[in-house]
Amino acid sequence: MDLLALADFNLVARHGGFGKASRAAGRPKATLSRRVAELEASLELRLFERGARALKLTEEGRALFERTSQLLTELDETASTIASGGHSPRGRLRISAPLLFSQTAMGKLAAGFTLKHPEVRLEVTTEDRSVDMVEEAYDLVIRVNPEPDESLVGRVFLRDRLVVVASPCMTPPANGSAVPAVVRGPARQGDVWNVTKPAGKSQITVNPVLSLSSLIMVRDAVRTGVGAARLPVSLVTHDLADGTLVHWGDVEGPEIALWTLYPTRRLLSARVSAFLDYLREAFPKGTPDELAAYLRRSPPAPY
């Protein structure tokens, strides 16, 4: 495939027409039209619907634009960086992060990263769903225990675990009696929490009295003594140390692992590399205690 013709196609698609692309790039309209026609011929696909007054991408043209525009941008940025002899990251960096991590840590992380790399325009969206990185133009995603995906590569940068906590005014359960509980999401009567304590393993039967959509809301509710809850230990470390909450046991099951992921077929840009390095600096060990300490620290000072 002719990369120059592909770049011209992206230029026309981005500006929505040959005339606008010609004026923006300072190149002849006829040249752009010829190059796009040559690309269509080589692919044996129609990439644009050409009307009397409007130019619109076909379904195939839209797919080609979505899948190549970011790659061409990264190639251009890489060439510019090498030509200038510098390695300073610049440009837009789009990240998708889960709700709890965004609410507790992402604001401070984003601010610190922006102070360190002012030429990067960082955009962070918060959602727990698995986004399509290519279709939705994300450079990096942060996910909790993601499903295996051959199209993505990444690494674990933080680990956490769930614990059962309650207010000191609550009495731990005995003789299999149900305990008032605050849960995230749908409440189900008679659920059982399997926990591990120094004395051994046990089960806690729960009676959900409150259902909330955020773990921060769950923690705040548990502090009042309305019920027990399962929460990440990093979120309640300081409550446990202060005696605001007490530990009823560790929840059995897989650990909580936070991953950074990016597409395997995409060049790792200087922006993504810089953000990965910044995460490693913020969490060199990646432990729950390290995350808890980070959440309590003051915001970063300007560089």
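Details of the structure are given in the entry above.
Given the structure is predicted, the values throughout are model-derived calculations rather than measurements. (Residues numbered from 1 in each chain as written. Predicted model: local features only at pLDDT ≥ 70, side-chain atom pairs only at ≥ 80, totals over all residues. Heavy atoms only, no water.)

**Q** Before we move on, can you summarise the sheet that holds strand E10 (residues 200–212) with the specific residues and values?
**A** Taken together, six strands build an open sheet; the order of strands is E8-E10-E9-E12-E7-E11 and the sheet is mixed. Both edges of this open sheet fall to strand E8 (179–184) and strand E11 (229–232), since each of them pairs with a single strand only. If you compare each strand with its neighbour and ignore which way they point, the axes differ by 55° on average. Bridge count for strand E7 (residues 162–166) against strand E12 (residues 246–251) is four bridges, and the pairing is antiparallel. When the sheet's bridge partners are listed, Ala166 is paired in E12 with Val246. Contacts from helix H6 (residues 215–223) reach E7, E8, E10 and E11, with the element oriented near 125° to E11. (Pairing = 2+ DSSP bridges. Helix = DSSP H or I, 4+ residues; strand = E, 2+ residues; numbered from the N terminus. Axes fitted to C-alpha atoms, helices over the stretch in contact; angles between N-to-C directions. Contact = heavy atoms within 4.5 Å.)

**Q** Give a description of unusual backbone geometry that names residues and reports values.
**A** Within the chain, Glu44 stands out as a residue other than glycine whose phi angle is a positive 55°. Mapped onto the elements of the fold, Glu44 is located in the loop between helix H3 (29–43) and strand E1 (48–50). You can call Glu44 exposed: its relative accessible area is 72%. Of note in the backbone geometry, Asn145 takes a positive phi value of approximately 45° without being a glycine. (Buried < 20%, exposed > 50% of the residue type's maximum accessible area, 1.4 Å probe, protein only.)

**Q** For the side chain of Thr68, give the residues involved together with the corresponding values.
**A** Its location among the elements puts Thr68 in helix H4 (residues 59–84). Looking at Thr68, the relative accessible area reads 11%, which means it is buried. Separated by 3.2 Å, the side chains of Thr68 and Asn10 make a polar contact. If we ignore the near neighbours within four places in the chain, the residues touching Thr68 are Leu6 and Asn10. (Polar contact = N/O pair within 3.5 Å; in protein donor to acceptor, adjacent residues only side chain to side chain.)

**Q** A description of the pairing of E12 should follow, citing residues and the corresponding values.
**A** With two bridges connecting them, strand E9 (residues 192–197) and E12 associate as antiparallel partners. Considered in E12, the bridge of Thr196 is made with Asp250.

**Q** Any chance you could break down the packing of helix H1 (residues 3–15) against helix H2 (residues 18–25) for me, citing the residues and the numbers?
**A** Orientation of H1 relative to H2, taken along the N-to-C sense of each, is 110°, at an axis distance of 8 Å. Comparing their axes, H2 and H1 come out roughly perpendicular. Residue-level inspection shows Leu11, Val12 and His15 of H1 in contact with H2, the latter providing Phe18, Lys20, Ala21, Ala24 and Ala25. Its residues assigned to classes, the contact of H1 with H2 comprises six nonpolar, one polar and one charged. (Parallel < 35°, antiparallel > 145°, perpendicular 65-115°, else oblique. Nonpolar A, V, L, I, M, F, W, Y, C, P; charged D, E, K, R; others polar.)

**Q** Lay out the pattern of salt bridges with the relevant residues and their values.
**A** Counted according to the given criterion, the structure contains 20 salt bridges. The partner of Asp8 in a salt bridge is Arg27, and the shortest N-O contact between them spans 2.4 Å. Here the residue Asp8 occupies a position in helix H1, and Arg27 occupies one in the loop between H2 and H3, the gap between them amounting to 19 residues. With its nearest N and O atoms 3.4 Å apart, the salt bridge here joins Arg219 to Asp220. In this structure Arg219 comes out as buried when scored by relative accessible area, which is 15%. Residues joined by salt bridges that share partners form a network here, namely Asp8, Arg27, Arg34, Arg35 and Glu38. (Salt bridge = Lys/Arg side-chain N within 4 Å of Asp/Glu carboxyl O.)

**Q** Summarise the nonpolar core; cite the residues concerned and give the values.
**A** If you look at the biggest cluster of nonpolar residues, it comprises 31 residues, and the most contacted ones within it are Phe101, Met106, Leu109, Ile142, Phe157, Phe275 and Phe283. Elements represented by at least two residues in this core include exactly strand E3 (91–97), helix H5 (99–116), strand E5 (140–144), strand E6 (152–160), strand E13 (256–263), helix H8 (270–282) and helix H9 (288–296). When residues of this core are assigned to their parent elements, the largest contribution, seven residues, is made by H8. Not counting chain neighbours up to four residues away, the residues in contact with Phe275 comprise Leu93, Ile95, Met106, Phe113, Leu122, Leu140 and Ile142. (Core = buried A, V, L, I, M, F, W, Y, C linked by side-chain atoms within 4.5 Å.)

**Q** Can you tell me about H2, naming the residues and giving the values?
**A** All of the buried residues in H2 are Phe18, Gly19, Ala21 and Ser22. End-on view of H2: buried residues confined to an arc of 165°, all on one side of the axis. Of the exposed residues in H2, those oriented more than 90 degrees away from the buried face are Lys20, Arg23 and Ala24. Where H2 is buried, its residues touch H1, H3, E1 and strand E2 (55–57). Gly26 occupies a position one or two residues after H2 and carries a positive phi of about 70°. (Arc of directions from axis to C-beta.)

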